[in-house]
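# A structural walkthrough
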Amino acid sequence: EAESEFSGTPLGGGVYRLRMTDEESRININSASRDVLTRLFNTIAGLSEDDAKSLANSVTDWRDADNNPTEDGAENDYYQKLSSPYNCKNGNFDVLEELLLVKGMPHEIYIKIKDFITVYGQGNGAVNIHTASAPVLQSIGMSEGFAGKIVAYRNGPDKKEGGEDELKNKIKQFRDEELEHRDIGYQQHAIDLAFFNPLSKAIKLATKFAIFVSKKI
């Protein structure tokens, strides 16, 4: 399996582990809507719908530019009255741990959600359904049954997430996207540009490496 291939590999006097994660398989807390955040806290953290909504309001208050608190949310007035006061950021989260500064975010809730959220990715916060977990798919509005079917279909006959079937599908998707980019390059005469051939070669090498890894599974 891919996981065992890179898990606990000896290196000198110790071992190393390699794990690659698509950040767009997670919920972007800088751009997710209140509804998405509410479902995230309800589905993954196990909060009641009311508590999940209050926490979602606190998160959006932390990142928005104004000082007008939403219902059960919090802005500067709340944070300045704490025993160790600090300002509401009124800006995007830079790191996930910043969530621990938000009203209503205890450490145990943070631990439950941290592997399902990100501060990276595209500005629109779009989730990649090709890599997102079932809980993340539910957070963006899919039913539990439908999210499960997507993950099962994606995993293939071996029913293993990240297994051989899924890796082959991702390599095929990567190859097809590269061919599409090449065709667009021909259409736009990009092949005449100095950077086109080196870039194309680099992508081909990455594809060959992925195929090499898949044969080791």
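Structure first, text after, so check above.
Below you will find a few notes about this structure. Keep in mind that what you see is a predicted model, and the values were worked out from it rather than measured. (Residues numbered from 1 in each chain as written. Predicted model: local features only at pLDDT ≥ 70, side-chain atom pairs only at ≥ 80, totals over all residues. Heavy atoms only, no water.)

## Let's talk about helix 2 (residues 34-43)
Regarding helix 2, the residues found buried are Val 36, Leu 37, Thr 38, Leu 40 and Phe 41. Looking at the buried positions of helix 2, the neighbouring elements they touch are strand 3 (27-28), helix 3 (49-63), helix 5 (107-113), strand 4 (117-118) and helix 6 (134-139). (Buried < 20%, exposed > 50% of the residue type's maximum accessible area, 1.4 Å probe, protein only. Helix = DSSP H or I, 4+ residues; strand = E, 2+ residues; numbered from the N terminus. Contact = heavy atoms within 4.5 Å.)

## Quick notes on helix 3
Given 3.6 residues to a turn, an α-helix orients residues that are three or four positions apart in the same direction. In this model, helix 3 (15 residues) spans 21 Å end to end at C-alpha, consistent with the 21 Å of a helix rising 1.5 Å per residue. For helix 3, the tally of buried residues reaches 11 of 15 residues, placing the bulk of the element in the interior. Burial in helix 3 covers these residues: Ala 52, Ser 54, Leu 55, Ala 56, Asn 57, Ser 58, Val 59, Thr 60, Asp 61, Trp 62 and Arg 63. Check the buried side of helix 3 and you find it contacts helix 2, helix 4 (76-79) and helix 5. (Expected span 1.5 Å × (residues − 1).)

## With respect to the packing of aromatic side chains
For the coordinates displayed, the defined rule picks out four aromatic pairs. With a centroid separation of 6.3 Å and an interplanar angle of 70 degrees, the aromatic rings of Trp 62 and Tyr 86 are classed as edge-to-face. Pair noted here: Trp 62 is in helix 3 and Tyr 86 is in the loop between helix 4 and helix 5, with a separation of 24 residues, a long-range link. The class of Trp 62 is buried, set by a relative accessible area of 2%. Judged by centre distance (5.4 Å) and plane angle (35 degrees), the ring pair of Tyr 79 and Tyr 86 falls under tilted. (Phe/Tyr/Trp six-rings, centres within 6.5 Å; stacked < 30°, edge-to-face > 60°.)

## Some points on unusual backbone geometry
Not every positive phi belongs to a glycine, and Asp 72 is a case in point at roughly 65 degrees. As for its placement among the helices and strands, Asp 72 is situated in the loop between helix 3 and helix 4. For Asp 72, a relative accessible area of 44% translates into the label partly exposed. The backbone phi angle of Asn 90 is positive, close to 55 degrees, even though this residue is not glycine. Judged by relative accessible area, Asn 90 falls into the partly exposed class, the value being 21%.

## Considerations on empty space enclosed by the protein
The final tally for this structure, using the stated rule, is one cavity of 30 Å³ or more. Considering only enclosed or pocket space, the largest cavity measures out at about 30 Å³ in volume. Lining of the largest cavity is provided by Glu 23, Glu 24, Arg 26, Asn 28, Thr 118, Tyr 120, Gly 121, Gln 122, Gly 125 and Ala 126. (1 Å grid on protein atoms, 1.4 Å probe; cavity = no way out; pocket = protein on both sides within 12 Å on 5 of 7 lines; lining within 4 Å. Points joined across faces, edges and corners; volume = space filled by probe spheres on them.)

## A look at the side chain of Asn 28
With respect to the secondary-structure elements, Asn 28 resides in strand 3. Separated by 2.9 Å, the side chain of Asn 28 and the backbone nitrogen of Asn 30 make a polar contact. Sequence-distant contacts of Asn 28, defined by excluding residues within four places in its chain, comprise Thr 118, Val 119, Tyr 120, Gly 121, Gln 122 and Gly 125. (Polar contact = N/O pair within 3.5 Å; in protein donor to acceptor, adjacent residues only side chain to side chain.)

Keep in mind these values describe shape, not function.
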